[in-house]
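Listed below are the residues making up each chain.
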Amino acid sequence: MIRFCLSMVFLTLAAPVSAKEAPDDGFNPEALDAVKGLQRLDQRLHNIGYRLVHANIRFCDTKAARTGLLLNDVAQYADQKTARFALGFDSSIGITAVAPNSPADLVKLTPGDTLRAINTMSIDEITVDDPELLAEQPAYRRIAAINRMIEQALVENNVQLTVSQKGINRTVPIASVLTCPGQFQIRVSADRSASADGKLVRVSSRLAEYFLDDDEFAAVVAHELAHNLLKHRERLDAQKVNRGFFGQFGKSARRVKEAEIEADRLSVWLMANAGYDPQAAIRFWTRYGKEHGKGIFSASTHYRWKKRVQLFEEEIAKMAAVDPVDGKYAPPLLAIND
Ligand SMILES: [Zn+2]
């Protein structure tokens, strides 16, 4: 599944407001649950993404420094006061997820910590004036600026973060690890979809809720990440492939389908290297295919689910026939870049 969107519309979480009486703390329980539910999906995707990009570092030609932190700005929520309370923040920007065994985990940063400063720069003093950042949706600009500031400081290998928890500040030095590039994001949406735009992997909240376990979730994330690692967007753009309605026919359809097959093939190798069960790809697509048989799978750009399952079986058999090196299987579609 791939959806190339040139202009992605972001939905901020519109927490449902019910007529029920609010509890004593003044917050609507359903609205709190909505924020916490979204945070759980963000955490799962963040952890799965981190494991995939970390475990497959040898096979990526460009590398990115990563701390394992996921930061969030309450500006992204329709009801900011409720979001701040539900996320446990003292102020507007804080940590919503920390990947297990990441540098952030090692210095005991935790979800609910509020970000106060990066080195000597207070978060309140950060302004967004760079044209590239101004191109982001307004609610995402500050987070984009902060993430970029941390990345730049990591290059100099000298980052201290000041965080607060219930008003108590602490400053910790934070290291980074090299991983494959890429970001991961839950998109609040009632449709079941996932997409890859060359840099970012997005999974809709409804699809994320549909996965039975993290292995199934990893199957879809690995497929989308594979599109990015194989630079499919760049390749299809260079081939002037029409990805709109008319792209469903002829040469364009064939080229998109080739990219889909490559992403499926690479996905199971990425999964195995990260310790996920590659068979979960077969379990997921079989279940999804039986329920949605006539949906996206009948388009000429995508294989039908039975063919996809066959392709996964072939690829898993190929993997079983090779010896892993240092516990990692070298995917035929990627070169080794030590
Ligand atoms: Zn795809």
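The residue numbers shown here count from 1 along each chain, following its written sequence. Local features are withheld for residues below a pLDDT of 70 in this predicted model, meaning they are given only at 70 or higher, and side-chain atom pairs are given and counted only at 80 or more; totals for whole chains, interfaces and linings count all residues.

**Things to note about the environment of A99**
Piece 1. Here A99 is to be found in the loop between strand 3 (93-98) and helix 3 (103-106).
Piece 2. A99 gets classed as buried once you count the C-beta atoms within 10 Å, which come to 23.
Piece 3. For the pair formed by A99 and R44, sequence separation is 55 residues and the distance between their alpha carbons is 9.1 Å.
Piece 4. Contact between two residues is assigned when their C-beta atoms, built from the backbone, lie within 7 Å. Not counting chain neighbours up to four residues away, the residues in contact with A99 comprise H46, N47, Y50, G68 and D105. A run of H or I in DSSP becomes a helix once it reaches four residues, and a run of E becomes a strand once it reaches two; helices and strands are each numbered from the N terminus. Counting other C-beta atoms within 10 Å of a residue's C-beta gives its exposure: the residue is buried at 20 or more, exposed at 12 or fewer, and partly exposed in between, where C-beta atoms are placed from the backbone.

**Description of the sheet that holds strand 9 (residues 183-187)**
Piece 1. Taken in spatial order, the 3 strands line up as 9-11-10 in an open sheet, and their pairing is mixed. Both outer strands of the open sheet, strand 9 and strand 10 (194-196), are each paired with one neighbouring strand and no more. For this sheet, the mean angle separating the axes of adjacent strands, direction not counted, is 15°.
Piece 2. In short, DSSP must find at least two bridges between two strands for them to pair. With 5 bridges joining them, strand 9 and strand 11 (residues 200-204) adopt parallel strand pairing. Among the inter-strand pairings, F184 is bridged to a residue of strand 11, identified as V201. Angles run from 0 to 180 degrees between N-to-C directions of axes, and those axes are lines fitted to C-alpha atoms, restricted for helices to the stretch in contact.

**Remarks on unusual backbone geometry**
Residues other than glycine predominantly adopt negative phi, and peptide bonds predominantly adopt the trans conformation.
Piece 1. The phi angle at N119 is positive, at roughly 50°, despite the residue not being glycine.
Piece 2. Inspection of the secondary structure puts N119 in the loop between strand 4 (114-118) and strand 5 (121-122).
Piece 3. The residue K231 is not glycine, and still its phi comes out positive at about 55°.
Piece 4. For K231, a count of 14 C-beta atoms within 10 Å puts it in the partly exposed group.

**Topic: helix 5 (residues 138-155)**
Piece 1. By definition here, a helix of n residues has an expected span of 1.5 Å times n minus one. The first and last C-alpha atoms of helix 5 sit 27 Å apart over 18 residues, in line with the 26 Å expected at 1.5 Å per residue.
Piece 2. Considered for burial, the residues of helix 5 that qualify are R141, R142, I143, A145 and I150.
Piece 3. Where the residues of helix 5 are buried, they touch strand 2 (69-73), strand 3, strand 4 and helix 4 (131-134).

**Structural notes on the nonpolar core**
Piece 1. L52, A218, V221, A222, L270, M271 and A281 are the most contacted members of the largest nonpolar core, which totals 73 residues.
Piece 2. The greatest single-element share of this core, amounting to 11 residues, is contributed by helix 1 (residues 29-55).
Piece 3. The start and end points of each domain follow an automatic or database-based domain assignment. Lining this core are residues from two domains, each supplying at least three of them: domain 1 (64-179) and domain 2 (183-320).
Piece 4. If sequence neighbours within four positions are ignored, A281 has contacts with A219, S267, V268, M271 and F312. In these notes, a nonpolar core means any group of buried Ala, Val, Leu, Ile, Met, Phe, Trp, Tyr and Cys residues linked to one another through C-beta atoms within 7 Å.

**What about the confidence of the model for the protein chain?**
Detailed reading of predicted coordinates is not advised where the pLDDT is low.
Piece 1. Confidence per residue, as judged by the predictor, is encoded in pLDDT with a range of 0 to 100. Here the protein chain shows a mean pLDDT of 87. Residues at 70 or above account for 87%.
Piece 2. Across the protein chain, strand 3 holds the top mean pLDDT of 98, while helix 4 sits lowest at 86.
Piece 3. Within the model, pLDDT remains below 50 along residues 1-22, and this stretch shows 49 contacts once partners closer than five positions in the same chain are excluded.

**Things to note about the pairing of strand 7 (residues 168-173)**
Piece 1. The element strand 7 is barely covered by neighbouring structure, given that only 0 of its 6 residues are classed as buried.
Piece 2. Pairing between strand 6 (residues 160-165) and strand 7: 6 bridges, direction antiparallel. Paired with Q165 across the strands is I168, a residue of strand 7.
Piece 3. Between strand 6 and strand 7, which pair antiparallel in sequence order, lie 2 residues; one of them, K166, sits at a positive phi of approximately 50°.

**Concerning the packing of helix 10 (residues 279-292) against helix 11 (residues 305-320)**
Piece 1. Where helix 10 contacts helix 11, the two axes come as close as 9 Å, and the packing angle between them is 175°. Considered as vectors, helix 10 and helix 11 are oriented roughly antiparallel to each other. Along its contact with helix 10, which presents A281, I282, W285, T286 and G289, the element helix 11 presents W305, R308, V309, F312 and E313.
Piece 2. Asp, Glu, Lys and Arg are counted as charged, while Ala, Val, Leu, Ile, Met, Phe, Trp, Tyr, Cys and Pro are counted as nonpolar; the rest, among them Gly, fall into the polar class. Residue composition of the contact of helix 10 with helix 11, grouped by class: 6 nonpolar, 2 polar and 2 charged. Roughly parallel here means an angle under 35 degrees, roughly antiparallel means over 145, roughly perpendicular means 65 to 115, and every remaining angle is called oblique.

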